[in-house]
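# Report on the structure
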Amino acid sequence: MTETDKEQGPRPDLVINGVGSAAGGIYGKVLIDGVGKVGGSLTARLFKANGQIRVKGGVKSREMEVNGILNLDGPLEISTLKLDGILHVDGSLTGESCVLNGLVTAKGDCELEEFRGVGGFTIEGLLSAGHIDIRLAGAGKAHEIGVESLKIRQEDSGIWNRLLGGIIPKLRPALTARVIEGDNLDLEYTAADIVRGGRVIIGAGCSVGLVEYRDRLTVHPEARIGREVKTGD
């Protein structure tokens, strides 16, 4: 992260084992195993949490690994994120890569270069990414989606929920967005008002009001489209 790299000098580590609390601040590593509460925003090179964690603020970290439940009362800025469980961000989520095995929610925009994995997500603002490849085992929701490439498939939610011990809400594995726009769109089980792209595949389980495409459109016989329009260059 640019800002963390500017910080000079050695940094202390923050370690919580069992049940504990700590203050926010600038750290080298944040290692939480158990039930932890942090009383302010955090900046760290590595944030690794296992258990149930609450941060009363935002987090900036180059590398983040979460196994369990993490609630942030502010924005999240990362380079890489590996999530096994549930992450709630009360603000925006920005970074390079998110590998998902669970559920992520953000009350603001979400901007990532790569977003892939299995699970569900709710982005209350704009979901912007270079490449998205998600196998939905829960609901996927965003106000608008803008991407270079997007691939949506359905996962076996029954098996997936059992593997995660039932901590994920059992919601219908489908994607819902008002507008989806990108160069390459490969959709299944998606409901949208408008889908706009270069090469577009509207697969099984889709319901779209308007599809605008530049190069090629493929539609599954069971998909529902209100209107399709081929646009110029």
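Residues numbered from 1 in each chain as written. Predicted model: local features only at pLDDT ≥ 70, side-chain atom pairs only at ≥ 80, totals over all residues. Heavy atoms only, no water.

Once that is clear, we can look at the environment of Lys-60. Examined against the element boundaries, Lys-60 turns out to sit in strand S4 (residues 59-72). Residue class for Lys-60 comes out partly exposed when judged on its relative accessible area of 24%. Remark: the alpha-carbon pair of Lys-60 and Arg-45, spanning 15 residues in sequence, is separated by 8.2 Å. (Helix = DSSP H or I, 4+ residues; strand = E, 2+ residues; numbered from the N terminus. Buried < 20%, exposed > 50% of the residue type's maximum accessible area, 1.4 Å probe, protein only.)

Moving on, we get to the side chain of Glu-212. Residue position: Glu-212 is located in strand S10 (residues 207-219). Of the residues examined, Glu-212 reaches a relative accessible area of 19% and is grouped as buried.

Here we take up the side chain of Ser-61. When you line up the elements, Ser-61 lands in strand S4. Here Ser-61 falls in the buried class, since its relative accessible area comes to 0%. A polar side-chain atom of Ser-61 sits 2.9 Å from the main-chain carbonyl oxygen of Glu-63. (Polar contact = N/O pair within 3.5 Å; in protein donor to acceptor, adjacent residues only side chain to side chain.)

Let us now look at the state of the cysteines. Scanning the entire structure with this criterion turns up zero disulfides. Sulfur of Cys-110: no disulfide; nearest cysteine sulfur belongs to Cys-98 and is 7.2 Å away. (Disulfide = S-S within 2.5 Å.)

Moving on: the environment of Ile-201. Position of Ile-201 relative to the elements: it lies in strand S9 (residues 190-202). For Ile-201, a relative accessible area of 35% translates into the label partly exposed.

Moving on: the pattern of salt bridges. Under the counting rule described, the total for this entry stands at 12 salt bridges. Across the pair Arg-214 and Asp-183 runs a salt bridge whose closest N-O atoms are separated by 3.6 Å. In this pair, Arg-214 sits in strand S10 while Asp-183 sits in strand S8 (residues 175-187), placing the two residues 31 residues apart along the sequence. On the basis of relative accessible area, Arg-214 is assigned to the partly exposed category, the value being 31%. Linking Asp-215 and Arg-199 is a salt bridge whose minimum nitrogen-to-oxygen distance equals 3.3 Å. Placement of Asp-215 in strand S10 and of Arg-199 in strand S9 is noted, with a sequence separation of 16 residues between them. By relative accessible area, which is 33% here, Arg-199 ends up partly exposed. Linked by salt bridges that have partners in common, Arg-54, Lys-56 and Asp-73 make up one network. (Salt bridge = Lys/Arg side-chain N within 4 Å of Asp/Glu carboxyl O.)

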